[in-house]
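# Residue-level structural notes
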Amino acid sequence: MPKRKSLPKALPANVSFVGGDSQPSSGGKTPALAGGAENAVISSMKPGPVVGAYTIADIKHKFQTLDQNGDGILSREELAVLLRKGREDLTDAELEVLWNDINHDGDGGIDFDEFVDYLFGVYSKDGAKIDWRGAEEVFHTIASAGGRAYITYHEFLALCRQLDILDETGFGITEAEALYRQCKLPRRGLTFERFKVLVKKVATTKNVPLRTVVNWIASFTPGRANEDIVDSWAACHQVPGSH
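Calculation notes
- Counting restarts for each chain, with residues numbered from 1 along the sequence as it is written.
- Since the coordinates come from a predicted model, pLDDT governs what is reported: local features require at least 70, and pairs of side-chain atoms require 80 or more to be given and counted, while whole-chain, interface and lining totals use all residues.
- The side-chain figures draw on all heavy atoms in the structure; neither hydrogens nor water molecules are used.
- Segments assigned H or I by DSSP are reported as helices when at least four residues long, segments assigned E as strands when at least two residues long, and all are numbered from the N terminus.
- Per-residue accessibility, obtained with a 1.4 Å probe over protein chains only, is compared with the maximum for each type, and a residue is labelled buried under 20%, exposed over 50%, and partly exposed between these values.
- Should any heavy atoms of two residues lie within 4.5 Å, those residues are considered in contact.
- Accessible surface area values rest on a Shrake-Rupley calculation with a 1.4 Å probe, where residue burial reflects the displayed protein chains alone.
- Definition of nonpolar core: a set of buried residues of the types Ala, Val, Leu, Ile, Met, Phe, Trp, Tyr and Cys, connected through side-chain atoms within 4.5 Å.
- Throughout, an axis means a line fitted to C-alpha atoms (over the contacting stretch in the case of helices), and angles, computed between N-to-C directions, take values from 0 to 180 degrees.
- A clockwise turn of the near helix away from the far one marks a right-handed crossing, whereas an anticlockwise turn of less than a right angle marks a left-handed crossing.
- Under the scheme applied, nonpolar residues are Ala, Val, Leu, Ile, Met, Phe, Trp, Tyr, Cys and Pro; charged residues are Asp, Glu, Lys and Arg; polar residues are all the others, including Gly.

Moving on to the overall build of the chain. Counting its secondary structure elements, the chain contains eleven helices and zero strands. Start at the N end of the chain and walk to the C end: the helices and strands fall as α-α-α-α-α-α-α-α-α-α-α. Of all 243 residues assigned to the chain, the portion counted as buried reaches 46%. Long-range contacts, defined here as pairs at least 24 residues apart, represent 68% of the contacts in the chain between residues at least 6 apart. As presented, the chain carries roughly 11400 Å² of accessible surface, and 53% of it is formed by carbon and sulfur atoms.

If you want it as structure tokens, here you go:
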């Protein structure tokens, strides 16, 4: 049976979301993540809207609300609650089509990465385009803060932590370090071109669509993930293939 990825039980204390109420815990200053002062710019980044008008915090809250037993996985019954709020006439056959479309790995539940990918897909006009330009803006913001054209391992790891890309079953610190070493330049860090290769490897390792990882990165300011999006409740509940 494929491994299931679980949603982190708690968010890092220093994450402050757009529109959220969380506050830095150290005298009003956002603490740096592992790696020291070079990562201060990362810990100060805030995610903007990811899909529709929703931020990362909104998406996580909705997932956790639907996940009634708190196991980090949405069952068919839990997902049906969301889908039938928008379409009470949704038949069991239509629900089955949606379930199979969202559940990429074919196991018994929807994990957080699959849930995010579903939202990217239904809200984007162009099939959830991959926002490499937004991800590049985030990359250069981090690199420029260190006066370099590349980012270090500590900066990459800090970005993974800030984005909650790390998980407990397939992509932890060990995997992050191994992929970083595969992709970095000799005696240097990651240029943006090598960063793109690394992000693709991360998506493969986590078994999630590339667009999900890239757009997740691009959602951080000054990123601009999914600028051409439809904030439509009906779009969120449209059965694939229907008009």
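Read on for the rest.
Moving on to helix 10 (residues 210-218). The periodicity of an α-helix, 3.6 residues per turn, causes residues three or four places apart in sequence to face the same way. Burial runs high along helix 10: seven of the nine residues are buried. Residues of helix 10 that are buried include every one of Thr-212, Val-213, Val-214, Asn-215, Trp-216, Ile-217 and Ala-218, and no others.

Relative to the helices and strands, Leu-159 resides in helix 7 (residues 153-163). The buried category is assigned to Leu-159, whose relative accessible area is 4%. Between the C-alpha atom of Leu-159 and that of Ile-42, which follows or precedes it by 117 residues, the distance is 6.4 Å. Residues within four places of Leu-159 in sequence aside, it is in contact with Ile-42, Ile-142 and Phe-195.

Turning our attention to the nonpolar core. Residues Phe-156, Phe-195 and Trp-216 are the most contacted members of the largest nonpolar core, which totals 60 residues. Top contributing element to this core by residue count: helix 7, with seven residues. Beyond its immediate stretch of four places on either side in the chain, Trp-216 contacts Val-50, Ile-56, Ile-59, Lys-60, Phe-112, Val-116, Phe-120, Leu-163 and Ile-165.

What follows covers the packing of helix 8 (residues 173-183) against helix 9 (residues 192-206). Close contact between helix 8 and helix 9 brings their axes to 9 Å; oriented N to C, the two are set at 145°. In this structure, helix 8 crosses over helix 9, and the sense of that crossing is right-handed. Across the interface between the two elements, Leu-179, Tyr-180, Gln-182 and Cys-183 of helix 8 pack against Arg-194, Val-197, Leu-198, Lys-201, Val-202 and Thr-205 of helix 9. Along the lines of polarity and charge, the residues of the contact of helix 8 with helix 9 split into six nonpolar, two polar and two charged.

By themselves, these figures tell us nothing about what the structure is for.
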